[in-house]
Structure formats: structure tokens, C-alpha cells
Amino acid sequence: MAKKPYERELLRLQHELVKLQEWVRAEGARLVVVFEGRDAAGKGGAIKRVTEYLNPRIARVAALPAPTERQRTQWYFQRYAEHLPAAGEIVLFDRSWYNRAGVEKVMGFCTEEEYWQFLQQCPTFERMLTESGLLLRKYWFSVSDTEQERRFRDRLEDPMKRWKLSPMDVESITRWEDYSRAKDEMFLHTDTPDSPWNVVESDDKRRARINMIAHLLSTVPYREVKPPAIELPDRPASRGYQRPPRDLQRYVPDHAAGLDG
């Protein structure tokens, strides 16, 4: 997708996301958006564009680290449930409880019993969420093997992106078919009428972001909420305050001054 139409439409959609946020706040709605997909599929970039103009006190990202030893003894969904939104909040899961059906299954981080128990319990867990009134949207970012490898090589060669390439990412190259089978099995059990999967073709990152945001907006019955009228008061007259001498404070050096052309 060309840059100019992408940026123009992205800005329009981000304006709508702000309206969605204000509707969520005013109505006391609860919205969860799950971002899943292979490594380097574009989930993080999409999340950044969704949240760019949103209030972090209303819309927050949940990207959970590996579970602690204590969390491993809990009911699997327990630590994810702690991050679900209250009234007037939006939570975007950068990977979610579906770790068990993907990474944990393929890499052997869970037992077969735990894996099949997850597939059986997940639809019930999500049905409980939706029946409670929570709005749940699930997106799978689908990237081809050639495009994934290209992005991995880009990360490897770019010092600004090198941190994004983990040993787990490298391992995923040799387990492409294993991840494909795990994804198919996951969809078979968890693509339900209550909480269906929405697949985003993501070889073209710009197109993927536009399509995902537009779809999200189309599935939520939000409306524009007019903000309360605000008038800035006149600044009151001075009552004799004197600012302390500048040399009594430690100022950051003016690094920018050396950059003026």
C-alpha cells in the first residue's frame, strides 16, 4: 500500500478510535482485543497504531512475560483474567491465553493434558466473558514464510531492531509446519460464534493495519460522545511571585543547539 493513502486513512481511522475510546468510557463498556499470530507477523506495529492517540489510562496493552513458578501452579487463565478491563476500559493483549495453543504446545512448554484441557476450556472461558457483557475481538495476523524470514533478516541486520529477534524466533523458522498445525487445531476448537477469529493478511504491514482497525471499528456499535464544554479561565494577576535564579537549578545541556543548521 502506498504511503500517502495509508497515512491519510490511518489518521482518519485513529480519529474514529478516539471516538470509540470516549464511547467506551462514557458507556462503561469493556473491550478486549486479542492480537495473535506468528513471530514478526506485525502484531506489535498494529498495536502501536491503535494506541497512538488513545488515553493510556483507558486503553492499555497487556504483554505478559513468562509465568512465575507460582503462576504455573494457578489455573491457567487466572493470570490473564487479572488484566481484563473494568468498566470504561480497553485492553489490548499482545499475545494472550492462546500462548498455550501455540508456543507452549510447539515448544513443549506444557503437557499434552494441559494442552487439550486448554482447548476444551477456552471456548467456555470466552463465552463467560462475552455473556458478562465484555466485548471480545480476536485477530490472527497471517504472514507467509518468505515474508517472515525477510523480516527476521531485517531485524538481524538492523541494530535498532536486533532486540526483537529472540532465540524463540529463530527456532520458529525450523518449526513452521508445527506452528501451522497448532494454529489449525486452535482454530478448530476456538473459532466459535461467541468469539470468532478474524484473520488479517499481514505480508503488507500498512494494508494489514488499515484492514484490522477498520474491521474493529465496524464491529463495535460506538457513537460520538460530545465532550463537555471547557473554557480556559483568565490567568489571575501576579501576587508578587519571583522565580528563583536560574543558576540555582541544574538544567539539561542544550544538545539541540549544536544541531541547528
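For the structure itself, look to the data block above.
To start, this report covers the structure provided alongside it.

Each helix and strand in the protein chain was counted, giving ten helices and five strands. Seen through its principal axes, the protein chain has C-alpha atoms that stretch 75 × 45 × 45 Å. Counting over 261 residues, the protein chain shows a buried share of 40%. When the accessible surface of the protein chain is split by element, carbon and sulfur atoms take 52% of a total near 16400 Å².

Another aspect to go through is the nonpolar core. In summary, soluble globular proteins display a tendency toward joint burial of nonpolar side chains. Counting 33 residues, the largest nonpolar core has L20, W23 and M212 as its most contacted members. Top contributing element to this core by residue count: helix α1 (residues 3-27), with seven residues. If near-sequence neighbours (up to four positions away) are discounted, W23 is found in contact with A29, L135, V220, P221, Y222, R223 and V225. In terms of nonpolar packing, the next biggest core, distinct from the first, is built from 25 residues, Y76, A101, W140 and F187 among them.

Counted under the stated rule, the structure contains 22 salt bridges. With a closest N to O distance of 3.2 Å, E89 and R60 form a salt bridge. On the criterion of sequence distance, the pair formed by E89 in strand β3 (residues 89-94) and R60 in strand β2 (residues 59-62) is long-range, its members being 29 residues apart. With a shortest N-O distance of 2.7 Å, K105 and E112 are connected by a salt bridge. Each of E16, K19 and E224 takes part in one network of salt bridges that share partners.

Two pairing modes exist for strands in a sheet, parallel and antiparallel, and in both the strands are linked by backbone hydrogen bonds. The sheet built from five strands is open, its strands ordered β2-β3-β1-β4-β5 with parallel pairing. This sheet does not close on itself; its edge strands, each paired only once, are β2 and β5 (197-201). Taken over all neighbouring pairs, the strand axes of this sheet differ in orientation by 20 degrees on average, direction set aside. In terms of strand pairing, β2 meets β3 through four bridges, oriented parallel.

Moving on, we get to the environment of I90. Within the fold, I90 resides in strand β3. In the structure, I90 is positioned 19 residues away from F109 in sequence and 30 Å away in space, judged by C-alpha atoms.

On to the pairing of β3. Where a strand is regular, its side chains alternate between the two sheet faces. Here six bridges tie strand β1 (residues 30-37) to β3, and the two strands are oriented parallel to one another. Of the residues in β3, the one forming a bridge with V34 is F93.

Moving on, we come to empty space enclosed by the protein. Counted according to the given criterion, the structure contains two cavities of 30 Å³ or more. Looking at the largest cavity, its volume works out to about 190 Å³. Taken together, 17 residues make up the lining of the largest cavity; nearest its centre are G37, R95, G102, W140 and Y179. For the lining of the largest cavity, the secondary-structure elements that each account for two or more residues are β1 and α9 (176-190). No other element matches the four residues that α9 contributes to the lining of the largest cavity. Among the residues forming the lining of the largest cavity, the class breakdown is seven nonpolar, five polar and five charged. Taken as a whole, the second largest cavity holds about 60 Å³ of empty space.

Over its 25 residues, α1 runs 35 Å from end to end, which matches the ideal 36 Å to within 8%, given 1.5 Å per residue. Within α1, burial applies to Y6, L10, L13, Q14, E16, L17, K19, L20, Q21, W23 and V24. The elements touched by buried residues of α1 are β1, α2 (43-51), β3, β4 (135-142) and α10 (205-219). Among the residues trailing α1, G28 stands out with phi positive, at a value near 70 degrees.

Bringing the packing of aromatic side chains into the picture now. Following the criterion strictly, the structure yields 19 aromatic pairs and no others. Seen in terms of ring centroids, Y115 and W116 are 5.0 Å apart; in terms of plane orientation they differ by 70 degrees. Their pairing is edge-to-face. On the accessibility criterion, W116 (35% relative accessible area) is partly exposed. Taken together, the ring pairs in this structure connect W75, Y76, F77, Y80, F93, W97, Y98, F118, F125, W140, F187 and W197 into an aromatic cluster.

About the cut-offs
- Residues numbered from 1 in each chain as written.
- Predicted model: local features only at pLDDT ≥ 70, side-chain atom pairs only at ≥ 80, totals over all residues.
- Heavy atoms only, no water.
- Helix = DSSP H or I, 4+ residues; strand = E, 2+ residues; numbered from the N terminus.
- Buried < 20%, exposed > 50% of the residue type's maximum accessible area, 1.4 Å probe, protein only.
- Areas by Shrake-Rupley, 256 points an atom, 1.4 Å probe, with all protein chains shown as cover.
- Core = buried A, V, L, I, M, F, W, Y, C linked by side-chain atoms within 4.5 Å.
- Contact = heavy atoms within 4.5 Å.
- Salt bridge = Lys/Arg side-chain N within 4 Å of Asp/Glu carboxyl O.
- Pairing = 2+ DSSP bridges.
- Axes fitted to C-alpha atoms, helices over the stretch in contact; angles between N-to-C directions.
- 1 Å grid on protein atoms, 1.4 Å probe; cavity = no way out; pocket = protein on both sides within 12 Å on 5 of 7 lines; lining within 4 Å.
- Points joined across faces, edges and corners; volume = space filled by probe spheres on them.
- Nonpolar A, V, L, I, M, F, W, Y, C, P; charged D, E, K, R; others polar.
- Expected span 1.5 Å × (residues − 1).
- Phe/Tyr/Trp six-rings, centres within 6.5 Å; stacked < 30°, edge-to-face > 60°.

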